[in-house]
Amino acid sequence: MKLRRLIIMRHAKSDWGGEAATDHERPLNERGRRSAPLIAAELSRLGWAPEVVISSDAQRTQET
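As a starting point, this report considers the structure included with it.

**Points about the layout of surface pockets**
Argument step 1. Of the pockets and cavities examined, the largest pocket occupies roughly 1,100 Å³.
Argument step 2. Forming the walls of the largest pocket are 28 residues, and the residues nearest its centre are Ile7, Met9, Pro50, Val52 and Val53.
Argument step 3. Counting only elements with at least two residues in the lining of the largest pocket, the list comes to α1 (30-46) and α2 (59-63).
Argument step 4. A total of five residues in the lining of the largest pocket trace back to one element, the largest contributor, which is α1.
Argument step 5. The class makeup of the residues in the lining of the largest pocket is 16 nonpolar, seven polar and five charged.

Right, here's the structure in full:
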């Protein structure tokens, strides 16, 4: 039997002070741009490659 794993994640740190016209268009800030690849590397190190991703299409989520 194959082990299933549910990974629930939040987007990386986003930019509240930017020029985004809507909340949906709010991008990551510098901290988020630095930390997202670190989390990706850790998931990879653990062998936790998702088969399916269900995600918002908000800019900050897609950047993460």
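Now that the structure is up, let's keep going.
**Some remarks on α1**
Argument step 1. Counted at 1.5 Å a residue, the expected span for α1 with its 17 residues is 24 Å, and the 25 Å between its end C-alpha atoms agrees.
Argument step 2. Those residues of α1 that fall on the buried side of the exposure criterion are Gly32, Ala36 and Leu43. Angular distribution of buried residues about the axis of α1 spans 40°; they occupy a single face of the element. Set apart from the buried face of α1 by more than 90 degrees, the exposed residues are Arg31, Arg34, Leu38, Ser44 and Arg45.
Argument step 3. Just downstream of α1, Gly47 is the residue with a positive phi angle, here 80°.

**Points about the packing of aromatic side chains**
Argument step 1. In the structure shown here, the tally under the stated rule is zero aromatic pairs.
Argument step 2. The aromatic ring of Trp16 is capped on one face by Arg26, whose charged end is 3.7 Å from the ring centroid.

**Here's the deal with the side chain of Arg60**
Argument step 1. Following the sequence through the fold, Arg60 ends up in helix α2.
Argument step 2. On the basis of relative accessible area, Arg60 is assigned to the buried category, the value being 9%.
Argument step 3. Non-local contacts of Arg60, meaning those with residues more than four positions away in its chain, are made with His11, Ser14, Asp23, His24, Arg26, Pro27 and Leu28.

**Side note on a nonpolar patch on the surface**
Argument step 1. Residues Ile7, Met9, Ile39, Leu46 and Trp48 make up a contiguous nonpolar surface patch of about 420 Å² in total accessible area.
Argument step 2. Along the chain, Leu46 falls in helix α1.
Argument step 3. Given a relative accessible area of 38%, Leu46 falls into the partly exposed group.

What counts as what
Residues numbered from 1 in each chain as written. Predicted model: local features only at pLDDT ≥ 70, side-chain atom pairs only at ≥ 80, totals over all residues. Heavy atoms only, no water. 1 Å grid on protein atoms, 1.4 Å probe; cavity = no way out; pocket = protein on both sides within 12 Å on 5 of 7 lines; lining within 4 Å. Points joined across faces, edges and corners; volume = space filled by probe spheres on them. Helix = DSSP H or I, 4+ residues; strand = E, 2+ residues; numbered from the N terminus. Nonpolar A, V, L, I, M, F, W, Y, C, P; charged D, E, K, R; others polar. Expected span 1.5 Å × (residues − 1). Buried < 20%, exposed > 50% of the residue type's maximum accessible area, 1.4 Å probe, protein only. Arc of directions from axis to C-beta. Phe/Tyr/Trp six-rings, centres within 6.5 Å; stacked < 30°, edge-to-face > 60°. Lys NZ or Arg CZ within 6 Å of the ring centre and 35° of its normal. Contact = heavy atoms within 4.5 Å. Patch = residues over 30% accessible without salt bridge, like charges linked within 9 Å, V, L, I, M, F, W, Y side chains within 5 Å. Areas by Shrake-Rupley, 256 points an atom, 1.4 Å probe, with all protein chains shown as cover. Salt bridge = Lys/Arg side-chain N within 4 Å of Asp/Glu carboxyl O.

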